[in-house]
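Analysis of the macromolecular model
If you want the building blocks of each chain, they are given just below.
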Amino acid sequence: MPAARPLHAALLLVTLLISCGTGTPTSGTPQPVATATPAPTTSTAAAQPGTRWSDPATWGGAVPTAGQTVTLPSGKRVILDVTPPDLAGLTIPAGSALEFAEQDLTLRTEWLMVHGELRIGSEHQPFTHHAEILLTNTTPAENIMGMGDRVLGVMDGTLELHGQPRLPWTRLNTTARAGSSTLTLDRAPNWQAGDRLTLTSTDFNPGQTEQVTVQRVTGTTVTLSAPLKYTHWGDPITVAGQNVNERAEVGLLTRNIVIAATSDAAQTSVGAHVMIMGTGAARIEGTEFTRVGQLNTLRRYPVHFHQLGSATTSYLRGSSVHASYNRCVVVHGTSNLRVQDNVTFDTLGHCLFLEDGDETGNTLTGNLLTRVRAPDSKKGQTPLLDSDKRPAAYWLTHPNNTVTGNVAAGVDGTGFWYALPEHPTGLAAGKTDIWNRRVPLGEFSGNTAHSGDRGLNVDQGPKADGTTEVTSYAPVTTPSDPKSAPVPATFQTFTAFKQRDHGAWLRGRNHVMLGATLADNGVGATFANDRTTLKGGLLIGETPNAGQPDSWEPTGTSGRSLPRPWDPSFPIRGFQFYDGHVTIDGATLAGFTPTASRPASGLGYLTKNAFTLTPTNNAVNLHWADNSTHVYLPDPLADKDGDKAATFLDTDGSVTGTAGLTVTGSPLLRGAPDCTARADWNASVCAGQYARLWLQDTTGGALAPVSVTGPHGRVSLTGTPSSFTNFSTTARLGAPYTLTPTGTSSHLRLGISNRQPGDTLTLTVPVSTEPSVYRDWWIDNRNRLKKVAPADLTATTGDSYAYADGQLTLKLVVQTGRDSAVLDICTTDLCK
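Scoring rules and cut-offs
Residues numbered from 1 in each chain as written. Predicted model: local features only at pLDDT ≥ 70, side-chain atom pairs only at ≥ 80, totals over all residues. Heavy atoms only, no water. Pairing = 2+ DSSP bridges. Helix = DSSP H or I, 4+ residues; strand = E, 2+ residues; numbered from the N terminus. Axes fitted to C-alpha atoms, helices over the stretch in contact; angles between N-to-C directions. Buried < 20%, exposed > 50% of the residue type's maximum accessible area, 1.4 Å probe, protein only. Contact = heavy atoms within 4.5 Å. Polar contact = N/O pair within 3.5 Å; in protein donor to acceptor, adjacent residues only side chain to side chain. Lys, Arg positive; Asp, Glu negative; His and termini not counted. Salt bridge = Lys/Arg side-chain N within 4 Å of Asp/Glu carboxyl O. Phe/Tyr/Trp six-rings, centres within 6.5 Å; stacked < 30°, edge-to-face > 60°. Lys NZ or Arg CZ within 6 Å of the ring centre and 35° of its normal. Disulfide = S-S within 2.5 Å.

**Comments concerning the sheet that holds strand E61 (residues 726–732)**
For sheets, the rule is that strands pair by backbone hydrogen bonds, running either parallel or antiparallel. Across the sheet, which stays open at both edges, the five strands sit in the order E61-E58-E63-E69-E65 with antiparallel pairing between neighbours. The two strands at the open ends of the sheet, each matched to only one other strand, are E61 and strand E65 (772–775). Between one strand axis and the next, the sheet turns by 20 degrees as a mean value, whatever way the strands run. Two strands pair when backbone bridges link them, and strand E58 (residues 690–697) and strand E63 (residues 747–753) are joined in this way by six bridges, in the antiparallel orientation. Bridge pairing in E63 links arginine 692 to serine 753.

Spelled out as structure tokens, the structure:
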């Protein structure tokens with residue numbers, strides 16, 4: 001007879017793991033990858049001849065009936081050869097196995113707990129019929145072994161799901177127009193009538209992702225059961241002999257093994273979820289997960305690899321997740337897992353989620369994640385994390401993972417988000433010896449993001465409380481030692497198109513973006529970085545893919561969609577300089593053509609910028625494939641000091657036509673007689689050399705605004721937003737400048753940065769009382785300068801100052817072995 005579910009020794013372990021919470025807060029066309037999969041272990045029961053579920057002898061006399069809570073007989077391999085009545089629960093104890101017979105079957109149960117083995121097919125003999133495990137909910141809010149309601153739990157057991165191999169996804173080979181019912185693909189799929197597909201948006205609007213149904217397949221032609229609502233780009237684009245792939249992806253959602261909640265989940269948003277724990281293993285392929293995940297609930301995710309440690313024998317591949325109310329795939333406290341060639345559609349919050357930041361050595365390859373939605377409060381959807389408000393398709397909390405050949409399409413946020421905590425969070429919060437923001441990058445190559453806000457984001461790492469903070473990723477050889485040798489983080493062959501915000505945003509040091517293709521974005525790339533290069537690649541302002549704007553949207557030329565329809569005058573740009581030192585080297589640029597309604601340029605500076613920048617940021621070896629506007633610098637905003645300092649170096653003349661010239665939009669600089677105004681650039685091209693000039697009130701007083709006057713112009717600085725006691729602009733070496741603060745300070749510090757030994761700059765500062773002046777006072781307060789007559793200052797080496805009539809005149813000189821010169825001006829004993 002069916003036995004009541006026993007208490008297992010593993011219950012204590014499960015309770016300890018789960019009660020702590022999980023995570024933060026509390027808690028081209030895919031190609032099969034040839035890998036050596038470790039031989040699956042086989043339970044003792046699975047190796048034995050099977051007994052049939054339908055045989056009363058299997059159960060000691062009576063087959064389970066509807067509403068019973070069933071435990072498989074101990075040590076037996078039971079073959080499910082009939083569709084049983086609805087069960088109140090099913091346990092497969094350790095040493096026992098349940099295997100689906102090769103026939104169409106449905107197993108309906110409130111929950112299913114696997115301590116032994118659950119098997120449908122095998123790697124060598126995939127299941128060929130249709131199998132469903134439907135999790136019912138006639139008894140809501142159950143909590144099975146601490147894993148919650150409607151769970152397929154694997155605790156120290158083995159889950160083997162092996163559906164038929166299907167082509168997981170491919171791309172269009174010809175544009176599919178709105179109103180058409182035909183898709184022409186770039187390869188012939190083994191799909192069939194009735195299969196459901198996801199067809200990605202190829203416009204800025206992620207909502208243009210569609211779910212469609214196959215009527216028939218003939219070679220590479222798929223006929224749909226209903227016409228398309230939107231146009232999906234599928235034609236080839238070639239620029240300067242290089243291919244730009246903006247073709248829509250077409251992913252298969254249907255599989256012959258299905259794990260799902262019953263249909264009532266569509267109203268309750270309490271879906272099924274699969275949780276693998278303890279010493280459990282899961283080998284899942286050819287499986288469809290739908291009506292899964294549980295809304296607003298931690299730890300209740302469609303497929304959840306929870307605290308497995310090294311999971312070299314587990315994988316999730318060739319499967320689909322759709323209609324999820326909470327994430328897609330969660331990898332938590334689990335390393336060395338393979339997640340490959342999967343397709344997702346219509347999911348909520350971060351999708352493929354590496355949770356705490358101690359998950360390493362995982363391989364994410366060939367996956368297609370589509371229509372990742374942000375929670376909607378009007379529908380009762382609450383973000384689990386603050387960052388879920390702008391979700392990521394791929395949320396990556398540790399750099400040392402392999403991320404290759406994946407696609408993020410139609411995301412209400414970011415495609416690939418390296419959200420690096422300082423140390424792991426959640427259950428791994430004690431691992432303070434792991435420095436996520438300094439670990440060298442694993443492989444990131446061949447990935448694509450489109451039809452969202454931001455393609456690749458390396459910034460905004462999580463804090464322990466679940467919020468995020470500005471993050472600098474600076475990998476080094478010994479992560480525990482920030483002064484150890486830097487290791488370049490190379491992001492290779494990344495493609496981003498139709499991103500409203502950025503194709504890529506990187507923050508940190510020693511990054512390389514190699515061979516990227518960034519097209520049809522609001523901005524191609526911005527690096528809030530130092531020692532970082534965009535190397536090679538292709539930057540395109542607008543391609544023939546004009547999109548399909550909504551009826552309310554303002555449009556561009558010939559009715560094309562705009563990246564920011566709420567701001568149709570937004571200037572599109574390929575590469576934005578910011579911070580520094582950053583370089584663009586060897587890229588090809590095209591398609592940056594201004595219109596009557598908005599500017600466009602291959603190069604620019606981050607706009608509305610209040611922060612410091614490096615005027616020696618540079619461009620070199622650029623190739624212009626057409627008559628694109630090379631540069632455009634908008635008029636600086638009055639309260640944004642960074643705008644007023646925008647300057648970069650054209651190293652080899654591939655921007656201006658003459659090597660060594662500087663492009664500047666600074667009102668302080670552009671009026672020099674050796675500057676040539678470029679009205680179409682809203683900038684000037686100048687000779688000379690330039691440095692960052694800065695001033696700091698170390699006492700925290702109010703100096704703003706600070707007027708900077710030079711021989712060819714003037715700017716008024718309001719200070720950086722962090723404290724408004726720091727001021728920065730771009731100055732020309734060898735020229736004299738006067739700094740006039742509105743307020744006074746007893747201790748000023750000023751200097752020039754990003755220069756070479758011997759570089760000089762002369763400054764005059766009004767000071768009512770003769771001060772003491774020091775070089776590098778905080779290093780050695782004995783470096784006090786001598787006073788000389790104003791006429792004698794020119795001949796000094798920066799070891800003197802002049803003071804007369806309330807005017808302090810200084811000569812800043814970069815000393816040998818330095819890249820900056822810094823002086824302290826003190827009118828009290830603070831500097832002594």
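Anyway, onward from the coordinates.
**Remarks on the environment of arginine 500**
Inspection of the secondary structure puts arginine 500 in strand E42 (residues 495–509). Overall, the relative accessible area of 12% leaves arginine 500 in the buried class. Every residue in contact with arginine 500, bar those within four places of it in the chain, is listed here: Phe204, Asn205, Gly452, Asp453, Gly522, Glu553, Leu562, Pro563, Arg564, Pro565 and Trp566. There is a polar contact of 3.4 Å between the side chain of arginine 500 and the backbone oxygen of leucine 562.

**Topic: the side chain of arginine 338**
For arginine 338, the position within the fold is in strand E28 (residues 338–340). It turns out arginine 338 is buried and unbridged, and the closest side chain with the opposite charge, aspartate 341, is 7.5 Å from it.

**Focus on the pattern of salt bridges**
According to the stated counting rule, one finds 36 salt bridges in the structure shown. For arginine 598, the salt bridge is made with glutamate 542, and the minimal N-O distance between the two is 2.9 Å. Taken as a pair, arginine 598 in the loop between strand E50 (588–590) and strand E51 (600–605) and glutamate 542 in the loop between strand E47 (538–540) and strand E48 (572–577) lie far apart in primary sequence, 56 residues in all. Look at arginine 598 and you get buried, because its relative accessible area is 5%. Owing to a relative accessible area of 26%, glutamate 542 belongs among the partly exposed residues under this scheme. Within the structure, one salt-bridge network assembled from shared partners comprises Glu117, Arg119, Glu160 and Arg283.

**Notes on the sheet that holds strand E59 (residues 706–710)**
Within the open sheet, the seven strands sit side by side as E60-E59-E62-E64-E68-E67-E66. Their pairing is mixed. The sheet terminates laterally at strand E60 (713–717) and strand E66 (786–787), the two strands that pair on one side only. Two elements, strand E64 (residues 760–766) and strand E68 (residues 807–813), share seven bridges in a ladder whose sense is antiparallel. Paired with threonine 764 across the strands is threonine 809, a residue of E68.

**Things to note about the environment of threonine 725**
Mapped onto the elements of the fold, threonine 725 is located in the loop between E60 and E61. Under the relative-accessibility criterion, threonine 725 is labelled buried at 11%. Along the primary structure threonine 725 and threonine 699 are separated by 26 residues, whereas in three dimensions their C-alpha atoms are 8.7 Å apart.

**Structural notes on the packing of aromatic side chains**
Aromatic ring pairs are defined here through the distance separating the ring centres and the angle between the ring planes. Tallying each qualifying case throughout the model produces 15 aromatic pairs. Through successive ring pairs, a cluster of aromatic residues spans Tyr394, Phe416, Tyr418, Phe444, Phe491 and Phe494. Directly above the aromatic system of tyrosine 315 lies the positively charged group of arginine 317, at a separation of 3.8 Å from the ring centroid.

**Re the state of the cysteines**
Evaluated as defined, the whole model comprises two disulfides. Disulfide partner of cysteine 328: cysteine 351, at an S-S distance of 1.9 Å. Taking the sign of the S-S torsion, about -105 degrees here, the bridge from cysteine 328 to cysteine 351 comes out left-handed. Taken together, the positions of cysteine 328 in the loop between strand E26 (320–324) and strand E27 (329–335) and cysteine 351 in the loop between strand E29 (343–348) and strand E30 (352–354) put the pair 23 residues apart, joining distant regions of the chain. Assessed through its relative accessible area of 1%, cysteine 328 is described here as buried. The residue that forms a disulfide with cysteine 675 is cysteine 686, at a sulfur-sulfur distance of 2.0 Å. On the sign convention where negative means left-handed, the S-S torsion of about 115 degrees between cysteine 675 and cysteine 686 marks this disulfide as right-handed.

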